[in-house]
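# Close look at the chain arrangement
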Amino acid sequence: MENKIKQTNIAKITVDGKTYELPIYSGSTGPSAIDVRNLHKLTGLFTFDIGYTSTCSTESQITFIDGGKGQLLYRGYPIEQLAEHSTFLETSYLLIHGELPTKDQSTKFTNIITNHTMLHEQIERFFNGFRRDAHPMAMVCGTVGALSAFYHDSLDIEDNEQRDISMHRLIAKMPTIAARAYKYSIGQPTIYPDNSLNYAENFLKMCFAVPTEKYEVNPIIADAMDKIFILHADHEQNASTSTVRLAGSSGANPFACIAAGVACLWGPSHGGANEACLNMLKEIGSVDRIPEFIARAKDRNDPFRLMGFGHRVYKNYDPRAKVMQKTTHAVLGELGIKDSPILDIAMELEKIALNDPYFVEKKLYPNVDFYSGIVLSALGFPTSMFTVLFALARTVGWVSQWNEMLEDKTQRIGRPRQLYTGATSRDYIPLANR
Ligand code: SDX
């Protein structure tokens, strides 16, 4: 990656009467940043930013979010246009390489991914070690980490070609791993990848085909699945991507880094919110119970939060949620699902919340996870698979960001400091004196 930040201003900080100057850097768009890398050397001070609300961890050229406008760009292209006109593999190429592929580049990339979809047969035995009732995310997290035990020929992160092979393997194998986790959890036999199908069609077949019957992929459903993957592909320096980058900054192998990302995504405040949101909608159960849950969400003494609502960056409607809502209606229509009580509750909840002063003042809007559970449920996935699908799609974002970090010559191992408030130095007390 060619570094493009440039100094555009100076920040002055005065400590104990002494004034220090810190450079302010700007990118191509979005907020500028004060470079505090020399702050400790100059002043002996650290910055304090729990949750990194005001901290840039890196320069990046992959994804841009304008939280105020509700704008999301992948390499400059609006998410709405990519969801409408692109495919997940074309978007994957764009995220990794920075430009939309030509026809030849697209064909070559698709062939590479298609020819990496199979897993080492020993992994079948690996899966058999899990309990049948293991959460699919546990199986995916364990299996992705275990890939470093199988693919020794693509672990050298200094070798561009090996990095490419690892990225291709991860993008290609995540659907196979995800489908295998699902089949294993329902006691059905593994369905192998079918290279005559496209990425989304192949995934749906591996999940829902059985050896005893012919399986026809519904093109509308496959298109919706592909769109959902595009919406989840990347999202700048979110918690799981930052986890991948931090793991990668130590030189850990790509499979270990992506497994770390899977683990972080699992949390209900992050990728686990789609599962938590559908469970919440089921718990609400009917439109007339919505006020009770809205009241709980507003009660500072109640830890309950409206799942699928709010975002650290978006202080406007998450553009992905809008596309997801449209996709939900298209899928329900195609499946002939006329009335969906869960969707009715979701839409009524959204309407009430968007007009409630608490949510308006705190700028809490539906995020990508609000509708995804409804459409994934309609597609036939159990709630335990929702975050697995998020991880499947986000793998391309994780590997793109991991690769960008390794190509960035200014990168160093990530090592935050702390504001210590524990015991200061004291002498050991022998047991007899305690
Ligand atoms: C994802 O970072 C990303 O980009 C993530 C993601 C991606 O693509 O990678 O977009 C995917 O993780 C989407 C978010 C999914 N999570 C949820 O839907 C869980 C519910 N949402 C919240 O837990 C919360 O909104 C977060 C975690 C998403 C954001 O938390 P922040 O930025 O730390 O905000 P906060 O917790 O400081 O909340 C600010 C205020 C608080 O009230 P006060 O203390 O100021 O009085 O808003 C309140 C919160 O109590 N609040 C909510 C709320 N979210 C925030 N109140 C009720 N319901 C909510 N959902």
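A short tour of the structure in this document, coming up. Bear in mind that the values here come from a model prediction, so they are computed numbers and not experimental data. (Residues numbered from 1 in each chain as written. Predicted model: local features only at pLDDT ≥ 70, side-chain atom pairs only at ≥ 80, totals over all residues. Heavy atoms only, no water.)

## Re the overall build of the protein
Tallying secondary structure elements over the protein gives 18 helices and six strands in all. For the protein, the C-alpha radius of gyration of 23 Å lies close to 22 Å, the compact-globule estimate for 434 residues. Considering only C-alpha atoms, the protein reaches an extent of 80 × 65 × 60 Å along its principal axes. Out of the 434 residues belonging to the protein, those deemed buried represent 47%. Contacts in the protein between residues at least 24 apart in sequence constitute 69% of all its contacts with a sequence separation of at least 6. For the protein, the exposed surface amounts to about 21800 Å²; the carbon and sulfur share of it is 52%. Taking the average location of the 44 positive side-chain charges in the protein and that of its 48 negative ones, the two points are 5 Å from each other. (Helix = DSSP H or I, 4+ residues; strand = E, 2+ residues; numbered from the N terminus. Rg over C-alpha atoms; globule rule 2.2 N^0.38 Å. Buried < 20%, exposed > 50% of the residue type's maximum accessible area, 1.4 Å probe, protein only. Contact = heavy atoms within 4.5 Å. Areas by Shrake-Rupley, 256 points an atom, 1.4 Å probe, with all protein chains shown as cover. Lys, Arg positive; Asp, Glu negative; His and termini not counted. Charge placed at Lys NZ, Arg CZ, Asp CG, Glu CD.)

## Things to note about the environment of His97
Here His97 lies in helix H3 (residues 88-97). Judged by relative accessible area, His97 falls into the partly exposed class, the value being 42%.

## Looking at the side chain of Thr58
Mapped onto the elements of the fold, Thr58 is located in the loop between helix H1 (39-43) and strand S4 (63-66). Here Arg245 takes part through its side chain, which lies 3.2 Å from a polar atom of the side chain of Thr58. Within the local environment of Thr58, its side chain forms a polar contact with the side chain of Gln411, the two groups lying 2.8 Å apart. Once you skip the residues sitting within four places of it in the chain, Thr58 turns out to touch Gln237, Arg245, Asp408 and Gln411. (Polar contact = N/O pair within 3.5 Å; in protein donor to acceptor, adjacent residues only side chain to side chain.)

## Points about the side chain of Asp369
With respect to the helices, strands and loops of the structure, Asp369 is situated in helix H17 (residues 369-378). What Asp369 contacts, discounting residues up to four positions off in sequence, is His270, Gly271, Ala273, Asn274, Cys277, Gly308 and Phe390.

## Description of the environment of Phe203
Within the element layout of this structure, Phe203 appears in helix H8 (residues 199-208). Between the C-alpha atom of Phe203 and that of Ile352, which follows or precedes it by 149 residues, the distance is 36 Å. Setting aside residues no more than four positions away along its own chain, Phe203 makes contact with Pro175, Ala178, Ala179, Met225, Phe229, Phe381, Leu389 and Leu392.

## With respect to the site of the ligand
As a structural note, the neighbourhood of the ligand is formed by 24 residues, with His235, Arg300, His311, Arg312 and Arg320 the closest of them. Arg312 places a polar side-chain atom, nitrogen or oxygen, 2.6 Å from an oxygen atom of the ligand. Between the ligand and the protein, one listed contact pairs an oxygen atom with a side-chain N or O atom of Asn367 at 2.9 Å. When isolated, the ligand has an accessible area of 1100 Å², and the protein chains bury 78% of it. (Near = heavy atom within 4 Å.)

## Details of the packing of aromatic side chains
In this description, a pair of aromatic rings is defined by centroid distance and the angle of the planes. By the definition in use, this model includes 18 aromatic pairs. On the numbers, 5.1 Å between centres and 35° between planes, the contact of Phe88 with Tyr199 is tilted. In this pair, Phe88 is assigned in helix H3 and Tyr199 in helix H8, connecting sequence segments 111 residues apart. Looking at Phe88, the relative accessible area reads 1%, which means it is buried. Judged by centre distance (6.1 Å) and plane angle (85°), the ring pair of Tyr199 and Phe229 falls under edge-to-face. Taken together, the residues span a long stretch of sequence, with Tyr199 in helix H8 and Phe229 in helix H9 (residues 219-231) at a distance of 30 residues. The same class applies to Tyr199 and to Phe229, which are both buried. The rings of Phe88, Tyr182, Tyr199, Phe203, Phe208, Phe229 and Phe381 are connected pair by pair, giving a single aromatic cluster. (Phe/Tyr/Trp six-rings, centres within 6.5 Å; stacked < 30°, edge-to-face > 60°.)

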